[in-house]
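So you can see what is in the structure, the chains are spelled out below.
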Amino acid sequence: MHDRVWSCIVSTGQTWTVGVTGATGYAGGEVCRLLAAHPNLQLAGVHANSSAGRRLGELQPHLLPYADMTVLPSDAASLSGYDVVVLALPHGESAAIAAQLPEDTVVIDCGADHRLNDPAAWARWYGNEHAGSWPYGLPELLGQREKLAGARRIAVPGCYPTSVTLALAPALVAGLVEPEVVVVAASGTSGAGKSAKPHLLGSEVMGSVSAYGVGGVHRHTPEMIQNLSQAAGTSVGVSFTPTLVPMSRGILATSSAKLAPGTDADSARAAYEKAYADEPFVHLLPEGQWPTTSQVLGANTVALQIAVDADAGRLVVVAAVDNLTKGTGGAALQCANLALGLPETTGLPLVGVAP
Ligand SMILES: NC(=O)C1=CN([C@@H]2O[C@H](COP(=O)(O)OP(=O)(O)OC[C@H]3O[C@@H](n4cnc5c(N)ncnc54)[C@H](OP(=O)(O)O)[C@@H]3O)[C@@H](O)[C@H]2O)C=CC1
Ligand SMILES: CC(=O)N[C@@H](CCC(=O)OP(=O)(O)O)C(=O)O
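As recorded in an unreviewed UniProt entry, the protein chain goes by N-acetyl-gamma-glutamyl-phosphate reductase and comes from Blastococcus aurantiacus. Regarding the protein chain, the relevant UniProt record gives this comment under Subcellular location (unreviewed entry): "Cytoplasm". Of the protein chain, the UniProt comment under Catalytic activity (unreviewed entry) reads exactly: "N-acetyl-L-glutamate 5-semialdehyde + phosphate + NADP(+) = N-acetyl-L-glutamyl 5-phosphate + NADPH + H(+)".

As structure tokens, then:
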């Protein structure tokens, strides 16, 4: 563990040490980037797998304050001793490590291992034994913030479920729509992680948009069903189609559902205004303005807009999120703030990087 790390933030008040594993990947790298601006959390160690022993600056050159840190191994013994551990590992790699960490350590898992409540759903979608569910790290979901305050184990949502849940929950809570939703979402390539895959080559991605995981086979479908059913208080059906678009970061999710009798544009807008009036990171845009991925890049924010398509009889909601910030790394630190009793917004950017 490094005891002296250059930091651009002068801390006032209590500080907690943070170890990040998966720090050489996209999600872990984003956690480290955001930690550099956090006044109370100090990145004290970076861990990974095949790159253990290397200098972080070789692998994540944008993380200048941490360039001289040596990447440490990713086992439980190496990860013990931090106040907070962020796991940003491939699915299935977190649970065994987390089970060996002290109970009073705040453990935030960016992977899927502890997101689903239903063991049968886990077995169906991930194919191995369920490691048990943890409090789900989406504070804006009704009733969820209270479960995260003081928690010592938190499961950060998937990036698509974050955008889709925040887009549709207010309508389902208020009974504005029928509990059957259709979602088409576009993601940048960083959503697929940093390891080399042929379909992510520049020559495959540039100048082309492709659909994948079509026909109800994407593993984020059960997570959306879980969240939206919690909001609706009844089982919600989800048809989800993800698409890959030629940009590095960002998700633009377009969701729609059949209007319930009596829903009109005014009642829909009122429900969304009420739901998000006090949410610092969720922004219902002024009428007529539509979300773009560029406006949320690098920010822990979600931009939303709604429309009532009276002819089709559907509510349409568009949501933009940076998959690496509010979609993972920012959400991880938002949850850490809640777990530690810090103001929820501490150290998190509201300002995007545009254009
Ligand atoms: N990318 C995104 O937008 C989002 C990602 N997530 C989740 O975050 C997690 C990380 O994803 P992402 O950053 O994209 O992935 P990357 O492929 O970019 O990074 C994976 C990281 O995990 C390490 N790693 C790989 N295999 C192992 C292993 N067997 N044991 C320990 N460490 C290992 C790698 O280390 P090394 O390089 O040394 O091998 C690397 O640091 C995943 O669970 C993903 O689902 C969640 C929401 C959004
Ligand atoms: C573009 C792309 O490939 N995206 C990833 C989403 C990854 C993610 O955010 O979610 P998890 O944490 O559940 O892996 C995918 O569709 O699998």
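That shown, we press on.
Undergrad: Residue-level account of the UniProt feature "active site" (unreviewed entry) in the protein chain, with values.
TA: In the numbering used here, UniProt assigns the "active site" (unreviewed entry) feature to C159. If you trace the backbone, C159 turns up in helix α7 (residues 159-173). If we ignore the near neighbours within four places in the chain, the residues touching C159 are H220, I251, V321, N323 and G327.

Undergrad: Got a sec to walk through the packing of α7 against helix α10 (residues 265-276)? Specific residues and values, please.
TA: Orientation of α7 relative to α10, taken along the N-to-C sense of each, is 115°, at an axis distance of 9 Å. The hand of the α7/α10 crossing is right-handed. For the pair formed by α7 and α10, the contact residues are L166, A167, L168, P170 and A171 on the first element and A271, Y272, A275 and Y276 on the second. Of the residues in the contact of α7 with α10, the class split is nine nonpolar, no polar and no charged.

Undergrad: Describe in detail the site of ligand 2, supporting the description with residues and values.
TA: Residues in contact with ligand 2 amount to 14 residues; listed here are only the nearest, C159, Y212, H218, R219 and H220. A distance of 2.5 Å separates an oxygen atom of ligand 2 from a polar atom in the side chain of R219. Contact with the protein chains hides 85% of the accessible area of ligand 2, taken as 440 Å² for the molecule alone. Taken together, the residues of the shell around ligand 2 sort by class into six nonpolar, six polar and two charged.

Undergrad: Before we move on, can you summarise the pairing of strand β8 (residues 237-244) with the specific residues and values?
TA: Burial of β8 is extensive: seven of the eight residues sit out of reach of the surface. As defined by bridge partners, strand β6 (residues 177-187) adjoins β8 across eight bridges and the pair is classed as parallel. Looking at β8, one finds that V184 is bridged to T241. Of the pairings in the sheet, the one linking strand β7 (residues 210-211) to β8 comprises two bridges and is antiparallel in character. Bridge assignment links A211 to a residue of β8, and that residue is T243.

Undergrad: A description of helix α1 (residues 26-35) should follow, citing residues and the corresponding values.
TA: Counting buried positions along α1 gives seven out of ten residues, so the element sits mostly inside the fold. G28, G29, E30, V31, C32, L34 and L35 are the residues of α1 that are buried. Its buried side turned inward, α1 meets β1 (16-21), β2 (41-47), β3 (84-87) and α11 (325-340).

Undergrad: Which residues make up the domain arrangement of the protein chain, and what values go with them?
TA: What the domain assignment reports for the protein chain is domain 1 (16-157 + 326-340) and domain 2 (160-323). The interface of domain 1 with domain 2 comprises 29 residues on the first partner and 33 residues on the second. Across the domain 1 to domain 2 interface the summed buried area is about 2,400 Å²; carbon plus sulfur atoms make up 53%. If you sort the residues of domain 1 by the area they bury against domain 2, Y26, W125 and K326 come out on top, with a joint share of 29%. Taken together, domain 1 and domain 2 are joined by three salt bridges. Between E279 and R145 there is a salt bridge, and its shortest N-O distance comes to 2.8 Å. For the interface between domain 1 and domain 2, the tally reads 20 residue pairs in polar contact (both at pLDDT 80 or more). The greatest single-element share of the side of domain 1 that touches domain 2, amounting to six residues, is contributed by α11. Of the residues in the side of domain 1 that touches domain 2, the class split is eleven nonpolar, ten polar and eight charged.

Calculation rules
Per chain, the residues get numbers from 1 upward, laid out in the order the sequence is written. Chain labels run from A onward and ligand labels from 1 onward, assigned in the order the entries are written. Thresholds applied to this predicted model are a pLDDT of at least 70 for local features of residues and 80 or more for the giving and counting of side-chain atom pairs; totals over whole chains, interfaces and linings are not thresholded and use all residues. By convention in this description, side-chain values take in all heavy atoms of the structure and omit both hydrogens and water. UniProt positions are given in the numbering used here, feature names are shortened, and annotations may be inferred rather than shown by experiment. Secondary structure is summarised from DSSP: a helix means a run of H or I of at least four residues, a strand means a run of E of at least two, and numbering begins at the N terminus for each. Residues are treated as being in contact if the distance between any of their heavy atoms lies within 4.5 Å. Interaxial angles span 0 to 180 degrees and are taken between N-to-C directions of axes, which are lines fitted to C-alpha atoms, for helices over the stretch in contact. What makes a crossing left-handed is the near helix being turned counterclockwise from the far one by less than a right angle; a clockwise turn instead makes it right-handed. Gly is put with the polar residues, along with every residue not named as nonpolar or charged; the nonpolar set is Ala, Val, Leu, Ile, Met, Phe, Trp, Tyr, Cys and Pro, and the charged set is Asp, Glu, Lys and Arg. Working definition: residue near molecule or strand if any one of its non-hydrogen atoms lies within 4 Å of it. In protein, a polar contact requires one atom able to donate a hydrogen and another able to accept it; more generally it is a pair of N or O atoms within 3.5 Å, and residues adjacent in sequence count only if both atoms are side-chain atoms. Here, Shrake-Rupley sampling with a 1.4 Å probe gives the accessible areas, and only protein chains in the shown set may cover a residue. For every residue, the accessible area (1.4 Å probe, protein chains only) is compared with the maximum for its type, and the residue is labelled buried under 20%, exposed over 50%, or partly exposed between those bounds. Any two strands between which DSSP finds at least two bridges are classified as paired. Domain boundaries shown here were taken from an automatic or database domain assignment. Buried area counts how much accessible surface, traced with a 1.4 Å probe, disappears from two parts once they are put together, with both parts' losses summed. Put simply, a salt bridge is a Lys or Arg side-chain nitrogen that is within 4 Å of an Asp or Glu carboxyl oxygen.

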